[in-house]
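Structural description and commentary
What follows is each chain in one-letter form.
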Amino acid sequence: MRAVWPSLFIGGCALLSRKSKVLLSVIVLALLLVVSVYLDLSVYGHSMLSPSEVWNALFGGDTGGVSYIVNRSLRRVVIGLFVGAALAVSGAVMQAIFRNPLASPYLLGLSSGASLGAAIAILFSVPFIPLGLAQPVLAFIFCLLTMFIVYTISKIGGDVRTETLILAGVAISSLISAIVSFLTYIAPSEKMGDIVFWTMGSLSKIEWNEMIFVVPVIVIGIALMMTQMKNLNAMMLGDAHAMDLGVDVRRVRLFLLVVSSLVIAAAVAFVGAIGFVGLVIPHIFRLLLGPDNRYIMPISAFGGGVFILLCDFISRLFASYAGVLPIGVVTSIIGAPFFIYLLCRKRSEVGW
Amino acid sequence: MVSVLDIDSLKFSYAGHDVFEDISLSVGRGEVIGILGPNGCGKTTLLKNLNRNLKPHGGCVMVESDDIADMTKKEIAQKVAVVPQTNEIRFAFTAREIVAMGRLPFQESFRGESSDDLRIIDDAMVRTDVMKFADRHINTMSGGERQRVIIARAIAQTPQILLMDEPTLHLDISMQFEVLDLVHRLAKEKSITVVIVSHDLPMVVRYCDRVVLMHDKRIYAMGKPRDVLTPENMRVVFNIDAELEDDPRTGNPTVRLYGSCGIGGQ
């Protein structure tokens with residue numbers, strides 16, 4: 001019985017026009033957004049606060065322990081929304097420019113590239129530069145570098161080959177993971193924890209003043225990527241099609257690769273590598289709403305944020321009983337089976 | 001006839017080898033011209049030079065007296081539309097969404113379709129008879145249906161010039177006639193200049209006002225099919241034994257293929 005509901009839902013959606021599906025998705029997402037913000041704010045030790053308790057803690061002028069905890073949670077809610085949006089939109093962009101369903105920040109090795117940058121920054125403290133600056137800067141540089149290497153390898157022999165791209169991503173990703181593992185192994189114990197934290201992801205360590213750097217980069221980056229929504233649609237048909245329609249494919253692709261790498265680096269610099277968001281979220285909406293990036297990109301931004309918050313809620317709820325459950329583990333545990341379900345049921349619909 | 005497309009001593013090399021050279025040609029408004037030649041003679045490369053998907057290594061291409069080297073990609077796409085050879089599309093765009101992309105060269109980043117755009121899109125879909133599958137996904141269509149959607153997209157580009165690369169390839173024979181009938185009609189009704197690149201002799205003879213025969217990297221002959229496709233020229237260029245004769249039923253020339261001239265082209 002449980003398995004029938006999702007297919008009924010998707011089947012029912014097929015009867016609606018794309019415009020009304022978009023409207024429906026926006027309404028459902030808005031509701032989910034409110035619910036997920038509440039849930040993530042409500043975690044209080046082993047128990048959950050009621051909506052009115054959360055409201056009072058935020059706006060009621062209450063300065064007690066509850067208010068302190070809720071306001072700390074607010075930090076992770078804000079960063080979670082932006083990081084989720086950054087990962088999901090970048091994933092959508094990469095799938096479109098590479099015309100490949102598997103392209104995502106995680107599978108192309110970008111997240112692990114950023115992890116390596118962060119690990120190096122943590123391990124070999126750069127003189128005169130505080131870790132708070134060195135870590136995101138190195139994460140960004142390594143992120144770009146990884147993208148460049150993967151792309152260059154996949155370009156060998158002329159055209160960007162889908163298969164080579166995936167293989168290059170997987171190969172570079174495992175190579176980098178191996179280096180990160182090695183660095184973790186040789187790291188002194190107080191730094192080892194920081195590196196491990198990185199590879200699993202966590203929304204707990206970011207401070208408000210760090211967000212002043214992260215949030216503008218993500219917002220501006222997403223806005224810049226959105227200027228290319230229509231060009232991306234044309235590029236999804238193929239590079240030659242896009243050129244015939246007047247799109248400067250090389251310039252647009254380079255622009256989007258640089259911007260998406262920047263956005264991903266900023267997003268993961270402080271919260272670590274969180275997998276599956278960039279892969280799964282755009283696919284879900286493409287399945288429901290079709291491939292038009294003018295809908296997929298903005299809606300994925302919200303979907304990614306909501307998904308991260310729900311996963312963070314689960315990870316914190318679980319952690320309050322079992323000690324710890326990193327958010328990166330939750331996103332993968334939920335994301336992977338759901339992706340397999342989509343793959344099996346609606347492959348032809350998505351177009352691959 | 002006013003010429004819309006002027007090609008002057010165009011030359012293109014790839015990896016140090018000339019693909020073609022000294023191509024000069026003027027095409028008039030509303031004219032349907034066929035560029036014929038055996039596989040691998042550089043026809044497709046020539047076509048890609050005409051909208052600067054590839055940059056020539058010599059000579060120039062003028063569209064309505066403007067050198068396309070001085071135009072942006074967007075400006076070129078406002079005047080030149082292309083129906084490419086491979087139309088396989090993996091994403092589930094609907095036919096209407098694909099046709100609407102024809103308006104891309106005329107739009108700002110964040111603008112939706114204007115009422116003018118919508119009217120042009122509808123008109124293109126009606127003319128190509130794709131309205132009936134407007135909401136179907138392109139990746140579930142047959143080759144002929146897909147071809148028509150792409151042609152509709154090209155029409156929605158309101159081009160002066162339409163470039164078609166092997167439009168009959170992979171199509172059923174009846175669909176080949178349907179597609180070329182459609183293109184011929186559009187050329188005459190909307191005064192669009194059509195350049196068809198093909199190795200499909202019978203179709204080119206049937207539908208093209210003028211034929212350009214490519215051989216050995218150059219234009220070998222050019223003119224009305226009757227004058228260009230002589231038995232001698234067809235032997236040299238295609239290595240076939242063939243002749244043109246007037247079809248008793250239509251009165252138009254038709255090609256009669258007898259066979260190959262054999263290995264080595266005797």
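Residues numbered from 1 in each chain as written. Chains lettered and ligands numbered in written order. Predicted model: local features only at pLDDT ≥ 70, side-chain atom pairs only at ≥ 80, totals over all residues.

On to the overall build of chain B, then. Helix and strand counts for chain B come out as nine helices and twelve strands. For chain B, the C-alpha radius of gyration of 19 Å lies close to 18 Å, the compact-globule estimate for 266 residues. A buried classification covers 43% of the 266 residues belonging to chain B. When contacts within chain B are restricted to residue pairs at least 6 apart in sequence, long-range pairs at least 24 apart make up 66% of them. (Helix = DSSP H or I, 4+ residues; strand = E, 2+ residues; numbered from the N terminus. Rg over C-alpha atoms; globule rule 2.2 N^0.38 Å. Buried ≥ 20, exposed ≤ 12 C-beta atoms within 10 Å, placed from the backbone. Contact = placed C-beta atoms within 7 Å.)

We now examine the confidence of the model for chain A. Summarising the model, chain A shows a mean pLDDT of 84, and 90% of its residues fall at 70 or more. Model confidence for chain A, summarised as mean pLDDT per element, is weakest for helix α1 (residues 4-14) of chain A at 52 and strongest for helix α10 (residues 229-237) of chain A at 93. (pLDDT = per-residue confidence, 0-100.)

With that settled, the discussion passes to the sheet that holds strand β3 (residues 32-36) of chain B. Residue and element names in this part refer to chain B. With respect to topology, six strands assemble into an open sheet ordered β6-β7-β8-β3-β9-β10, the strand pairing being mixed. At either end of the open sheet lies a strand with only one pairing partner, and these are β6 (80-83) and β10 (218-223). If you compare each strand with its neighbour and ignore which way they point, the axes differ by 20 degrees on average. One ladder, built from four bridges, connects β3 with strand β9 (residues 210-215); its direction is parallel. Counterpart to Ile-35 in the pairing with β9 is Val-212. Of the strands in this sheet, β6 and β7 (161-165) touch helix α5 (residues 143-156), which is tilted by about 175 degrees from β6. In the packing of helix α9 (residues 231-238) onto the sheet, contacts are made with β9 and β10, and the angle to β9 comes to roughly 45 degrees. (Pairing = 2+ DSSP bridges. Axes fitted to C-alpha atoms, helices over the stretch in contact; angles between N-to-C directions.)

Turning next to the sheet that holds strand β5 (residues 66-67) of chain B. All names here are of chain B. Spatially, the four strands line up as an open sheet ordered β2-β1-β4-β5, and their pairing is antiparallel. Single-partner strands in this sheet number two, and they are β2 (17-28) and β5. Alignment of strand β1 (residues 3-14) against strand β4 (residues 58-63), held across five bridges, turns out to be antiparallel. The partner of Ile-7 across the bridge, within β4, is Val-61. Along the sheet, helix α1 (residues 43-50) contacts β1, β2 and β4; its crossing angle with β2, the most-contacted strand, is approximately 60 degrees.

Attention shifts here to the environment of B:Gly28. Residues and elements named next belong to chain B. Following the sequence through the fold, Gly-28 ends up in strand β2. Take Gly-28: there are 15 C-beta atoms within 10 Å of it, and that puts it in the partly exposed class. Residues Gly-28 and Glu-64 lie 36 residues apart in sequence; the distance between their C-alpha atoms is 9.9 Å.

With that settled, consider the interface of chain B and chain A. Taken residue by residue, the interface counts 21 residues in chain B and 22 residues in chain A. No other element matches the four residues that helix α2 (residues 73-79) of chain B contributes to the side of chain B that touches chain A. Looking at the side of chain B that touches chain A residue by residue, the classes come out as eleven nonpolar, six polar and four charged. (Nonpolar A, V, L, I, M, F, W, Y, C, P; charged D, E, K, R; others polar.)

All right, on to the environment of A:Leu262 then. All names here are of chain A. Structurally, the position occupied by Leu-262 is in helix α12 (residues 249-271). On the basis of neighbour count, Leu-262 is assigned to the buried category, with 20 C-beta atoms found within 10 Å. Sequence separation between Leu-262 and Asp-312 is 50 residues; the distance between their C-alpha atoms is 24 Å. Excluding residues within four positions of it along the chain, Leu-262 makes contact with Phe-140, Val-217 and Gly-221.

What follows concerns the confidence of the model for chain B. Confidence in the prediction for chain B averages 89 pLDDT; 98% of positions are at 70 or higher. Across the whole predicted complex the pTM is 0.87, and at the interface the ipTM reaches 0.89.

With that settled, consider helix α14 (residues 293-322) of chain A. A turn of α-helix holds 3.6 residues, and therefore any two residues three or four places apart point the same way. Residue and element names in this part refer to chain A. Helix length check: α14 (30 residues) gives 41 Å between terminal C-alpha atoms against 44 Å at 1.5 Å per residue, within 8%. At Ser-300, α14 is deflected by roughly 30 degrees, the largest bend along its length. Across the 30 residues that make up α14, a large majority, 21, are buried. Directly beyond the C-terminal end of α14, a positive phi value near 95 degrees is found at Gly-323. (Expected span 1.5 Å × (residues − 1). Bend = angle between axes of the 7 residues up to and from the residue.)

Residues and elements named next belong to chain B. Helix length check: helix α4 (residues 115-127) (13 residues) gives 18 Å between terminal C-alpha atoms against 18 Å at 1.5 Å per residue, within 8%. Buried-residue contacts for α4 involve α3 (95-100) and α5. Phi turns positive, to about 60 degrees, at Asp-129, one or two residues after α4.

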